[in-house]
Amino acid sequence: MPEPRRSDGLSRLAAFIAQPLTHYSKARNFDFGPTRRGNVSLLSPYVRHRLVLEQEVLDATFQRHSLASANKFVQEIFWRTYFKGWLEQRPDVWLDYRASVAQLIKSLDSDPDLLKRYSAAVSGKTGIDCFDAWISELEQTGYLHNHARMWFASIWIFTLRLPWQLGADLFLRHLIDGDPASNTLSWRWVAGLHTKGKTYLALSANIARYTDNRFNPEGKLATSAPALTESSVFPLRDLPLAQTLPNDDDYGLLITEEDGCPETLALRTKPKRVLAAVATQQRSPLPVGEPAREFAAGAVADALRRATQHFAVDGQLAETENWGNLLAEWAAQNNVSTVVTAYAPVGPVAEILATTKTHLQKHGVRLLQLRRPYDSVTWPHARRGYFKLKDKIPSLLETLGIESEDEFQDSRSEAV
Ligand SMILES: Cc1cc2nc3c(=O)[nH]c(=O)nc-3n(C[C@H](O)[C@H](O)[C@H](O)COP(=O)(O)OP(=O)(O)OC[C@H]3O[C@@H](n4cnc5c(N)ncnc54)[C@H](O)[C@@H]3O)c2cc1C
């Protein structure tokens, strides 16, 4: 399984793109089981925590492949970009999800039928063998294949008739790539809430085929998937303006689990000190799984180690999730008036930073979040459906300075 180190992510990326990516397009939908994952990249925990950047994945891909041959893989990378940009511009979807999870967890105490069905599902006792196996795989490894995630979510919603928000919460607590945008919006997509009215129905024949006949839940699954509906309307907001770091600042650098690549941030001068903090438990009111917790903590520790070496400054890992007091004390001790961190997209870390910012202001310290150029270029195109963004991929690659000249690249990848 993935180790939470940038070096491991970069090695995986190199090994993955050394193969012909046409194989990926044909084989990616097969879930051969936890011990046979060679048909997918397993890059998601690295990209989610930005131990490896989307831009790096795309740059490396086009050094060996053309857009034609890497098309499917590139489109998948842009699915992540799309979901992040979309949620960034509709943050109320996240707030609504958070409120529903809190409410539903409370209602488990007062609704014995819901509690019974929920408990059977999360303890892997539904009698649907694939579903019960995926629960145990999720808890033990922190990873599920994309197709298994789709089947799982569909069975959760349409066969077990459980609230989608509790399923999304389960994933967010256990996945080592647990991501507010990809996760919440994928669950909403399966439920027919993201693309309104369009749902995903898990079929036993499809599960049998794409699990290489490891499972066949014939006769046990819902035969229809009526779209869920909701009364809330989620307004579109403009993206917050990107902040920049003034030239002459004495600042401290904060590393969070949202961005494990501080050495590549647009910092003109080196920070005075580095502080790293984790907030993994803030993903949910319920306990976060060990693999997810360990991956996030490992990613932050790895980023801190690299940052202190790269900038040749001292750093420390914070043990508390009360960032307000922590950062105010740390700024005072180190005599810095600005705390700089990589931009945290909508999610638990952004929530914490919002309250921390107010707390720091009272102590005369400002908090700056630096957005990466990749996000500033791509997110504005994620206002509607994915296909609007997909059509823009060639021009976005050009704007990002990523070379994808088909003929030249094709001949190079064939020669390798
Ligand atoms: C219900 C559900 C919940 C999900 N929750 C998460 C989540 O919390 N975090 C998360 O990172 N992904 C989530 N996904 C998306 C997807 O399943 C994973 O990103 C993918 O399985 C990761 O494995 P991989 O790196 O081997 O993927 P590959 O097939 O090798 O894909 C390459 C990269 O493309 C991106 N990608 C691929 N598929 C998707 C997708 N459907 N949506 C967004 N990005 C994608 C990822 O960055 C991935 O690393 C979810 C999908 C579903 C259906």
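1. Focus: the pattern of salt bridges
Stage number 1. In the structure shown here, the tally under the stated rule is 23 salt bridges.
Stage number 2. Residue aspartate 8 pairs with arginine 12 through a salt bridge whose shortest N-O separation is 3.5 Å. Residue aspartate 8 and its partner arginine 12 are both found in helix H1 (residues 6-17); the two are separated by 4 residues, about one turn of the helix.
Stage number 3. The partly exposed category is assigned to arginine 12, whose relative accessible area is 23%.
Stage number 4. Linking aspartate 302 and arginine 305 is a salt bridge whose minimum nitrogen-to-oxygen distance equals 3.3 Å. Here aspartate 302 and its partner arginine 305 are both found in helix H13 (residues 290-311), 3 residues apart, which amounts to about one turn of the helix.
Stage number 5. Owing to a relative accessible area of 6%, aspartate 302 belongs among the buried residues under this scheme.
Stage number 6. Arginine 305 gets classed as partly exposed once you look at its relative accessible area, which sits at 44%.
Stage number 7. The network of salt bridges with common partners includes Asp31, Arg37, Glu137 and Arg214.

2. Points about the sheet that holds strand E5 (residues 366-370)
Stage number 1. Judged by pairing direction, the sheet is parallel, and its 5 strands sit side by side in the order E3-E2-E1-E4-E5 without closing on themselves. Each of the sheet's edge strands pairs with one partner strand only, and the pair in question is strand E3 (315-317) and E5. Recorded for the sheet is a direction-independent mean angle of 25 degrees between the axes of neighbouring strands.
Stage number 2. Sheet analysis places strand E2 (residues 273-276) next to E3, joined by 3 bridges and oriented parallel. Each bridged residue has a counterpart across the sheet, and for valine 274 the counterpart in E3 is glycine 315.

3. Details of the pairing of E5
Stage number 1. Counting buried residues along E5, 4 of its 5 residues qualify, which places the element largely inside the surrounding structure.
Stage number 2. Tracing the backbone out of strand E4 (residues 338-342), into helix H15 (residues 348-362) and back to the parallel element E5 gives a crossover that is right-handed.

4. Considering the packing of helix H10 (residues 164-174) against helix H11 (residues 180-191)
In a pair of packed helices, the angle between the axes and the distance between the axes together describe the arrangement.
Stage number 1. Their axes nearest at 10 Å, the elements H10 and H11 cross at an angle of 150 degrees. As judged from the angle between their axes, H10 and H11 are roughly antiparallel. Once H10 is placed against H11, the crossing between them reads as right-handed. Contacts from Trp164, Gly167, Ala168, Phe171 and Leu172 of H10 reach H11 at Pro180, Asn183, Thr184, Trp187 and Arg188.
Stage number 2. Partitioning the contact of H10 with H11 into residue classes produces 6 nonpolar, 3 polar and 1 charged.

5. Quick word on the domain arrangement of the chain
Stage number 1. As assigned here, the chain comprises domain 1 (6-88 + 378-415), domain 2 (95-210) and domain 3 (251-375).
Stage number 2. The straight-line distance from the C-alpha centre of domain 2 to that of domain 3 is 30 Å.
Stage number 3. Every contact between the two is made by 17 residues of domain 2 and, on the other side, 15 residues of domain 3.
Stage number 4. Each partner contributes to the roughly 1,300 Å² buried at the junction of domain 2 and domain 3, and carbon and sulfur atoms together form 57% of this total.

6. Topic: a positive patch on the surface
Stage number 1. A surface patch of positive charge is lined by Arg383, Arg384, Lys388 and Lys392.
Stage number 2. Secondary-structure assignment places lysine 388 in helix H17 (residues 386-391).
Stage number 3. Under the relative-accessibility criterion, lysine 388 is labelled partly exposed at 48%.

7. Some points on the packing of helix H6 (residues 91-110) against H10
Stage number 1. Packing of H6 against H10 brings their axes to within 9 Å, and their N-to-C directions diverge by 100 degrees. Judged on the interaxial angle alone, H10 and H6 are roughly perpendicular. The segment H6 lies against H10, with Trp94, Tyr97, Ser100, Val101, Leu104, Ile105 and Leu108 engaging Trp164, Gln165, Leu166, Ala168, Asp169 and Leu172.
Stage number 2. A class-by-class count of the residues in the contact of H6 with H10 yields 10 nonpolar, 2 polar and 1 charged.

8. Looking at the site of the ligand
Stage number 1. Residues in close proximity to the ligand total 25 residues, the closest being Tyr24, Ser41, Arg80, Asn146 and Asp177.
Stage number 2. Measuring from an oxygen atom of the ligand, one finds a side-chain N or O atom of serine 41 at 2.6 Å.
Stage number 3. Within the side chain of arginine 80, one N or O atom sits 2.7 Å away from an oxygen atom of the ligand.
Stage number 4. If the ligand stood free it would expose 820 Å²; the protein chains cover 96% of that surface.
Stage number 5. Given that more than half its atoms are within 2 Å of the pocket grid, the ligand belongs to the largest pocket.
Stage number 6. Secondary-structure elements contributing two or more residues to the shell around the ligand are helix H5 (67-89), helix H9 (146-159) and H11.
Stage number 7. Here the shell around the ligand takes 6 residues from H5, the largest share from any one element.
Stage number 8. Here the residues of the shell around the ligand sort into 13 nonpolar, 7 polar and 5 charged.

Each value, and the rule that gives it
Residues numbered from 1 in each chain as written. Predicted model: local features only at pLDDT ≥ 70, side-chain atom pairs only at ≥ 80, totals over all residues. Heavy atoms only, no water. Salt bridge = Lys/Arg side-chain N within 4 Å of Asp/Glu carboxyl O. Helix = DSSP H or I, 4+ residues; strand = E, 2+ residues; numbered from the N terminus. Buried < 20%, exposed > 50% of the residue type's maximum accessible area, 1.4 Å probe, protein only. Pairing = 2+ DSSP bridges. Axes fitted to C-alpha atoms, helices over the stretch in contact; angles between N-to-C directions. Right-handed = clockwise from strand over helix to strand, strands pointing away. Parallel < 35°, antiparallel > 145°, perpendicular 65-115°, else oblique. Left-handed = near helix turned anticlockwise from the far one by under 90°. Contact = heavy atoms within 4.5 Å. Nonpolar A, V, L, I, M, F, W, Y, C, P; charged D, E, K, R; others polar. Domains from an automatic or database assignment. Buried area = accessible area lost by both parts, 1.4 Å probe. Patch = residues over 30% accessible without salt bridge, like charges linked within 9 Å, V, L, I, M, F, W, Y side chains within 5 Å. Areas by Shrake-Rupley, 256 points an atom, 1.4 Å probe, with all protein chains shown as cover. Lys, Arg positive; Asp, Glu negative; His and termini not counted. Charge placed at Lys NZ, Arg CZ, Asp CG, Glu CD. Near = heavy atom within 4 Å. Polar contact = N/O pair within 3.5 Å; in protein donor to acceptor, adjacent residues only side chain to side chain. 1 Å grid on protein atoms, 1.4 Å probe; cavity = no way out; pocket = protein on both sides within 12 Å on 5 of 7 lines; lining within 4 Å. Sits in = over half its atoms within 2 Å of the grid points.

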